[in-house]
Amino acid sequence: MNIRSIGFLVFLISFIPQTSSAAIVTFNYTAVVTTAESSGDTSFLPNASAGVVAGTTVHGQFSYDTAASSTSFFINTLDYSTGSLSIVMPAATISGGSFVRVTDGNSGQDRLDVFGAPGNFSLQAGTHLTETDFQLNLIDNSSSAFNSLLLPASLDLSTFDIKSMFYREADFYSPTGLIGDAQYIAAQNDFVAQITSLSAVNAVPEPSTWAMMILGFFGIGFMTYRQRKNITPRLA
C-alpha cells in the first residue's frame, strides 16, 4: 500500500462520528451462604430465596460505568447511580438497577458497595409493604485497594478482607399502606453469603469501534482492488 492509499484510508476514518464510549465493566461472582433466616408470616413475600440454606451456592453478576458521574458525597465516599446487580438462587433469579458506593479511607478502610433495587417497595393486601433489597460488599481494612474515589476499572478479590453478599425480603405493616406509616417488620427472609470468586467479563467493543474496523477493512480492500485494476499486463 502506497502513501496515497494510506492517506485515503485515514481520510475515510476521520469522517466516522466519534462518540464518548461508556466504560462499562462487568463482573461475575460466586458466593456460599453462611447464614439464612426466615421469620413471621412470609405469605406476602416473593419468597425468591426459598430453598436457600447455609452452604447453598448462589451466583450472579454486577456491572457499572466507570465514566459515570457521582451523585452524592460523604467524607471519603462517593455514590454513583449506575449499573445493575443480579443474584441467581435455586428458586429464582432477581436483578435490579443499583447504585455503587466507593470509599477511599486513606488510612482507614477502602470499600466498594454495590446496592441492588434499593427502596423498591410494593403494596400487598392494602397494608403490607414488601421490600426486596440486596447488596454486595468488598472491604479492605488496610486501605490499599483503591487510591481514589473513582469507580475502579478492575477488582482483585484477594485484596479485600471482607467480601460478602446480603439479601433480604421484608414485609412492613402499614395501616395506611404508606411507607411513612410503616410500624414494624411483620416478616422477613434473609441470608448472608461469602463471595468465593470474582472474575471480569470481557468487554464488548462499542458500535463506533466496530464501525472503524469495518470501514478500515473496506478501505484496504478497495485500495487493493484499485491497485490491481491499474496494473498494466506486460508482454513476454
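The numbers attached to residues start from 1 for each chain and follow its sequence in the written order. Side-chain atom pairs in this predicted model are given and counted only at pLDDT of 80 or more, local residue features only at pLDDT of at least 70, and totals for whole chains, interfaces and linings cover all residues. No hydrogens and no water enter the side-chain calculation; it runs on all heavy atoms of the structure.

A. The overall build of the chain, seen in detail. A tally of regular secondary structure across the chain gives two helices and eleven strands. Along the chain direction, N to C, the helices and strands of the chain fall in the order α-β-β-β-β-β-β-β-β-β-β-β-α. For every residue, the accessible area obtained with a 1.4 Å probe (protein chains only) is divided by the maximum for its type, and the residue is called buried under 20%, exposed over 50%, and partly exposed between those limits. Among the 236 residues that make up the chain, the fraction classed as buried is 38%. When checking whether two residues touch, look at their non-hydrogen atoms; a contact exists if any pair is within 4.5 Å. The long-range share in the chain, meaning contacts at least 24 apart out of those at least 6 apart in sequence, stands at 68%. Secondary structure elements are defined from DSSP: runs of H or I of at least 4 residues count as helices, runs of E of at least 2 residues count as strands, and each element is numbered from the N terminus.

B. Fine view of the packing of aromatic side chains. To pair, rings of Phe, Tyr and Trp, with the six-membered ring standing in for Trp, must have centres within 6.5 Å; the planes then decide the type, stacked if under 30 degrees apart, edge-to-face if over 60, and tilted in the middle. Throughout the structure, instances matching the rule amount to nine aromatic pairs. Between Phe99 and Phe115, the aromatic rings sit 4.5 Å apart at their centres with planes inclined by 15°, giving stacked as the arrangement. Note that Phe99 is positioned in strand β6 (residues 93-104) and Phe115 in strand β7 (residues 110-116), a separation of 16 residues in sequence. These aromatic residues form a ring-pair network of at least three members: Phe27, Phe62 and Tyr64.

C. Representation of the pairing of strand β8 (residues 121-124). Think of it this way: DSSP has to see at least two bridges between two strands before they count as a pair. Pairing geometry for β8 and strand β9 (residues 128-140), over four bridges, is antiparallel. When the bridges of β9 are listed, Leu123 appears paired with Leu129.

D. Representation of the nonpolar core. As used in this record, nonpolar core signifies buried Ala, Val, Leu, Ile, Met, Phe, Trp, Tyr and Cys residues forming a set joined through side-chain atoms within 4.5 Å. Counting 37 residues, the largest nonpolar core has Tyr29, Phe62 and Leu155 as its most contacted members. Per-element accounting of this core gives the leading share, five residues, to strand β1 (residues 24-40).

E. Representation of the confidence of the model for the chain in the model. Note on scores: pLDDT gives the predictor's confidence for each residue, bounded by 0 and 100. Overall, the predicted model of the chain reaches an average pLDDT of 84, with 75% of residues at or above 70. Within the model, the stretch residues 15-20 combines pLDDT values under 50 with six contacts to residues more than four positions away or in other chains.

F. Here's a closer look at the layout of surface pockets. Lining residues are defined by having an atom within 4 Å of a point belonging to a cavity or pocket. Those points lie on a 1 Å grid over the protein atoms alone, cavities being sets where a 1.4 Å probe fits but cannot get out and pockets being open sets with protein on both sides within 12 Å along at least five of seven lines. Grid points are joined across faces, edges and corners, and a volume is the space filled by probe spheres set on the points. Within this model, the second largest pocket holds a volume of roughly 170 Å³. Lining the second largest pocket are 13 residues, and of these Pro46, Asn120, Ser122, Glu131 and Thr132 sit closest to its centre. Only β6, β8 and β9 provide two or more residues apiece to the lining of the second largest pocket. Sort the elements by how many residues they give to the lining of the second largest pocket and β9 lands first, with four residues. In this classification, the charged set is Asp, Glu, Lys and Arg, the nonpolar set is Ala, Val, Leu, Ile, Met, Phe, Trp, Tyr, Cys and Pro, and all remaining amino acids, among them Gly, are polar. Residues that form the lining of the second largest pocket fall into these classes: six nonpolar, six polar and one charged.

G. Examining the environment of Phe115 more closely. Classification of Phe115 as buried rests on a relative accessible area of 14%. Each C-alpha atom, one on Phe115 and one on Gly97, is 8.2 Å from the other, the two residues being 18 residues apart in sequence. Leave out the neighbours within four places in its chain, and Phe115 touches Leu85, Gly97, Ser98, Phe99, Arg101, Phe134 and Gln135.

H. Looking closely at the side chain of Asp65. Mapped onto the elements, Asp65 comes out in strand β2 (residues 57-65). No salt bridge is formed by the buried Asp65, whose closest oppositely charged neighbour, Arg101, lies at an N-O distance of 18 Å. Only 3.1 Å separates the side chain of Asp65 from the backbone nitrogen of Ala23, close enough to count as a polar contact. His is not counted, nor are the chain ends, whereas Lys and Arg count as positive and Asp and Glu as negative. Every case where a carboxyl oxygen of Asp or Glu lies within 4 Å of a side-chain nitrogen of Lys or Arg is listed as a salt bridge. Counted as a polar contact is a pair of N or O atoms within 3.5 Å, where, for protein atoms, one must be capable of donating a hydrogen and the other of accepting one, and residues adjacent in sequence contribute only when both atoms are in side chains.

I. Expanded view of the side chain of Glu131. On the secondary structure map, Glu131 appears in strand β9. In this structure Glu131 comes out as buried when scored by relative accessible area, which is 8%. Only 3.3 Å separates the side chain of Glu131 from the side chain of Arg168, close enough to count as a polar contact.

J. Structural context of the pattern of salt bridges. Evaluation of the coordinates by the stated rule reveals four salt bridges. Residue Arg101 pairs with Asp79 through a salt bridge whose shortest N-O separation is 2.7 Å. Of this pair, Arg101 sits in strand β6 while Asp79 sits in strand β4 (residues 77-80), and the two are 22 residues apart along the sequence. Note on Arg101: relative accessible area 23%, which makes it partly exposed. Here Asp79 falls in the buried class, since its relative accessible area comes to 6%.

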